[in-house]
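Structural overview for review
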Amino acid sequence: MAFPAVRRGRRQPVEPVVLVTVLLVAGALWLFIVNPLFQVMKQSVMTPEGISFQAYWDVVASERILRIFGNTLVLCTTVSLIATAIGFLFAYTVAYVQVPLKGLFRALAILPVVSPPFLVSLSAILLFGRTGLITRGLLGMENANIYGFGGLVLVMVLTEFPVTFLMLIGLLQNIDVSLEEAARNSGATRWQVFRTVTLPLLLPGLANAFLLVFIQALADFSNPMVIGGNYMVLAVQIYQQAIGGYDLQGGAAVAVLLLLITVAVFTLQRYWLAGRSYVTVTGKPARERTQVRDPWVVWPLFAVVSLLTLVVIAMYALIPINAFIKLWGINWSFTLDNFKYVLGLGMKPIYDTTRLALISMPISGLLGMVIAYLVTKKRFFGRGVMEFVAMLSLAVPGTVIGIGYILAFNKPPLVLTATGTILVLAFVFRNMPVGIRSGIAALQQIDPSMEEASINLGATTQQTFVKVMLPLMGSAFFSGLLYSFVRAMTAVSQVIFLVSAKYNLLTVAILNQVDVGRWGYASAYSTVLILIVLVVTVLLALILRLFGIRTSISDL
């Protein structure tokens, strides 16, 4: 009777096609994720005389760097706390309270996904800068200053809170209604149910959302670059020290410190809190939740959420409006000159960015699905390491990746600097984790018997993946494709190290226009960028629908 147990415990041999795929994927992950990070660490300690930790000592001994380090932690903590609180307020209102316009509140979460990360900064300057519509136009202030800590907190919170909203509303909607109803039937008030049942169940999710925003705030380069003023953070310091100050070793040492912080927070968020969050939910609710209808709760929450929504919409609407204005704050006359410039002399960045993003999109989407399939459905040595490395690029700050690519690919045997190939590779390996995450989630919902039936009928592993699994992962595949394209179009931090005279990108062109105060050109470029993203999104959805894959932008 022991024989069947022995058979069940025996490790099945890895198929040749799976083995080759695993080796190819592992090689690519090593070459384009691990190798650049290793080169950054190597650069930070290697000198002509040998190994030296002087660069790290200079960092630790520098009062300025320590102040920047403190600035970064204070900023990230503040932004994460406020963004998580606002995201929770939105999620609770939509999930628990009978308020109108819930569709609008959900749609709000899509805006940061389809727009450049510094768009809100540009709007904040137009509203609260020296020639701002509110500061000078309405309040008559002559020396308004939006630059610095306050401005950074404002724009980063408005950019990040929709992310926490998306995370928390999923958790709130999956809390079993019977748990709260049992507490209510025992005589607890609604406030007591919230304080003793709902909130404790949600605490791991709140911590998870806090850490996710913390990672993104740590890696944020463009907002501090545009509106940071004298408030310096580590991501900007790396760029200024390595590129502006020609101190590549010092920049690499700061990059390693930033990398260690983000990887520690990423590991905590992914392997500790994420697991605890799933324990708090009990699957799909058995019945609909009774919505809160008390007017003393409904209308104050509706007013607060509506006001915040109005602010966010106004921020994003200002950009296309400014694109048609002659000179913001001084000459309000209508003009098409800004669009004539960007669609004429300034057309090259639009063309380069769109072309490279379209090239990277299918590669990133397909690679994400292959990795998701391997780590979910196949058993092989190093599977956990492959998943960790593939997802790691989601946490590594773009400035660290950018400096790593410069160091790794500017010498034989693989010289790629100043080429379009290095930009495509940076897009692919930076943006594929979302596709992997969506693919894993989709595969976990597919009954294993479907794959087994295909193989039992004689199909090979690659035929099963292409003809059975991939169509069932249609929504996840769309998410990976679309996220890859959108992030390639709006990427800043890693590509600012990699652009050249031959390949200039749209976001870098926008930053350059902002830097010299040409708000009209920057707004016109941003408007064109958002229009391209929306057009490609609709076209992609239509193409996938022809293949029977029905999706929506909410899959992001």
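In this text the structure is predicted, and so the values were computed from the model without any measurement. (Residues numbered from 1 in each chain as written. Predicted model: local features only at pLDDT ≥ 70, side-chain atom pairs only at ≥ 80, totals over all residues. Heavy atoms only, no water.)

With that settled, consider the pattern of salt bridges. Side chains carrying opposite charge are able to pair once their charged atoms draw close together. Tallied over the full model, the rule gives two salt bridges. A salt bridge links Lys326 to Asp337, with the nearest nitrogen and oxygen atoms 3.1 Å apart. Of this pair, Lys326 sits in strand E3 (residues 325–327) while Asp337 sits in helix H15 (residues 337–342), and the two are eleven residues apart along the sequence. In this structure Asp337 comes out as partly exposed when scored by relative accessible area, which is 35%. One salt bridge in this structure joins Lys348 and Asp352, with 2.5 Å as the shortest N-O distance. You can see Lys348 and its partner Asp352 sitting in helix H16 (residues 347–377), four residues apart, about one turn around the helix. Residue class for Lys348 comes out partly exposed when judged on its relative accessible area of 39%. (Salt bridge = Lys/Arg side-chain N within 4 Å of Asp/Glu carboxyl O. Helix = DSSP H or I, 4+ residues; strand = E, 2+ residues; numbered from the N terminus. Buried < 20%, exposed > 50% of the residue type's maximum accessible area, 1.4 Å probe, protein only.)

To continue, consider H16. Think of an α-helix as 3.6 residues a turn; residues three or four steps apart then line up on the same face. A rise of 1.5 Å per residue sets the reference length of H16, with its 31 residues, at 45 Å; its end C-alpha atoms lie 45 Å apart and thus fit the reference within 8%. The largest bend along H16 reaches roughly 25° and is located at Ser360, with the proline Pro362 sitting one to four residues downstream. (Expected span 1.5 Å × (residues − 1). Bend = angle between axes of the 7 residues up to and from the residue.)

What follows covers the pairing of strand E4 (residues 331–334). Two elements, E3 and E4, share two bridges in a ladder whose sense is antiparallel. In the strand pairing of E4, Leu327 is matched with Asn331. Connecting E3 to the antiparallel partner E4 that follows it, the hairpin turn spans three residues, and Gly329 within it adopts a positive phi of roughly 85°. (Pairing = 2+ DSSP bridges.)

If you trace the backbone, Thr198 turns up in helix H10 (residues 190–219). Exposure remark for Thr198: the relative accessible area of 3% places this residue in the buried category. If we ignore the near neighbours within four places in the chain, the residues touching Thr198 are Tyr96, Leu172, Ile175, Glu180 and Val193. (Contact = heavy atoms within 4.5 Å.)

The subject of this paragraph is helix H8 (residues 149–174). If you check H8, its first and last C-alpha atoms are 37 Å apart, about what 26 residues at 1.5 Å a residue would give, namely 38 Å. At Leu158, H8 shows its maximal bend, which comes to roughly 30°, and the proline Pro162 appears one to four places after that position.

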